[in-house]
Amino acid sequence: MSRSESIDFKNLQLIFMDCIFCKIIEKKIDAKIVFENKEIIAFKDIHPLAPVHILIIPKKHIVSINDVNVEDAKLLGDMIIAARNIAKDLDIAENGYKLLFRTGKHGGQEVDHIHLHLIGGAALHEEIRPLEVDWK
Ligand code: 5GP
Ligand code: ZN
């Protein structure tokens, strides 16, 4: 192994150690888990925006949608299926809900480990317009 490879590995370990969602996966910090399998875990958001606010995350540390590769396609599909099942279990499927991947700075992403928001349990506002009024 070259010197640069070993430095990368060390950096990678530091990133995982610092990732709050990796710590939830490892059960090092508490979360209200609603679903878990080998690849995915889903838990209640600590600051819910609506009566139902669940985060569905892969156990694999992926920073954002910008970082997914073709091999992650099944995993991402499984996250959506998990969201659908949770929505059904929590009885919000019929009335509907939002699924959201925030990505990067403009997307408002705060935690650098991919997470799919499942938000529902009430009719929701549409808040996706740019912050700057004069954008055209
Ligand atoms: P983002 O803005 O990155 O799309 O969403 C991050 C979400 O993670 C936020 O809704 C925030 O409330 C949630 N969150 C951040 N830290 C924790 C935590 O330690 N536990 C749980 N359950 N949710 C968290
Ligand atoms: Zn992570």
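The paragraphs below set out a description of the structure included in this document.

Definitions and limits used
- Residues numbered from 1 in each chain as written.
- Chains lettered and ligands numbered in written order.
- Predicted model: local features only at pLDDT ≥ 70, side-chain atom pairs only at ≥ 80, totals over all residues.
- Helix = DSSP H or I, 4+ residues; strand = E, 2+ residues; numbered from the N terminus.
- Buried ≥ 20, exposed ≤ 12 C-beta atoms within 10 Å, placed from the backbone.
- Contact = placed C-beta atoms within 7 Å.
- Near = placed C-beta within 6 Å.
- Nonpolar A, V, L, I, M, F, W, Y, C, P; charged D, E, K, R; others polar.
- Expected span 1.5 Å × (residues − 1).
- Arc of directions from axis to C-beta.
- Pairing = 2+ DSSP bridges.
- Axes fitted to C-alpha atoms, helices over the stretch in contact; angles between N-to-C directions.
- Core = buried A, V, L, I, M, F, W, Y, C linked by C-beta atoms within 7 Å.

## Notes on the overall build of the chain
Phase 1 of the analysis: If you tally the helices and strands in the chain, you get four helices and five strands.
Phase 2 of the analysis: N-terminal to C-terminal, the α/β element order of the chain is α-α-β-β-β-α-β-α-β.
Phase 3 of the analysis: Counting every position in the chain, which comprises 136 residues, the buried fraction comes to 19%.
Phase 4 of the analysis: Restricting the contact set of the chain to residue pairs at least 6 apart, pairs at least 24 apart contribute 56%.

## With respect to the site of ligand 1
Phase 1 of the analysis: Around ligand 1 lies a shell of 13 residues, among which Ile46, His47, Arg102, Glu110 and Val111 are the nearest.
Phase 2 of the analysis: For the shell around ligand 1, the per-class residue count stands at six nonpolar, three polar and four charged.

## Overview of helix α3 (residues 73-89)
Phase 1 of the analysis: Across its 17 residues, α3 extends 24 Å between first and last C-alpha, which sits within 8% of the 24 Å expected from 1.5 Å per residue.
Phase 2 of the analysis: All buried positions along α3 are accounted for by Met79, Ala82, Ala83, Ile86 and Ala87. One side of α3 carries all its buried residues, which in axial view fall inside an arc of 135°. In α3, those exposed residues whose orientation departs by more than 90 degrees from the buried face are Ala73, Lys74, Gly77, Ile81 and Lys88.
Phase 3 of the analysis: On the buried face of α3, the contacting elements are β1 (33-36), β2 (40-44), β3 (52-58), β4 (97-100) and β5 (116-120).

## Overview of unusual backbone geometry
Phase 1 of the analysis: Positive phi values are uncommon outside glycine, yet Lys27 reaches one of about 60°.
Phase 2 of the analysis: For Lys27, the position within the fold is in the loop between α2 (20-25) and β1.
Phase 3 of the analysis: One non-glycine residue, Asp91, lies in positive phi territory at about 65°.
Phase 4 of the analysis: According to the C-beta neighbour criterion, Asp91 is exposed, with 11 such atoms within 10 Å.

## Concerning the sheet that holds β5
Phase 1 of the analysis: The five strands lie next to each other as β1-β2-β3-β5-β4, forming an open sheet whose pairing is antiparallel. Only two strands of the sheet have a single neighbouring strand rather than two, namely β1 and β4. Between one strand and the next, the sheet's axes are offset by a mean angle of 15°, whatever the strand orientation.
Phase 2 of the analysis: In this sheet, β5 lies alongside β4 in antiparallel orientation, the contact comprising four bridges. Bridging across to β5, Tyr97 finds its partner in Gly120.

## Examining the nonpolar core
Soluble globular proteins: nonpolar side chains tend toward being buried together.
Phase 1 of the analysis: Counting residues in each nonpolar core, the largest one holds 22 residues, and the members touching the most others are Ala42, Ile54, Ile56, Ala82, Ala83, Ile86 and Leu118.
Phase 2 of the analysis: Taken together, the elements giving at least two residues each to this core come down to α2, β2, β3, α3 and β5.

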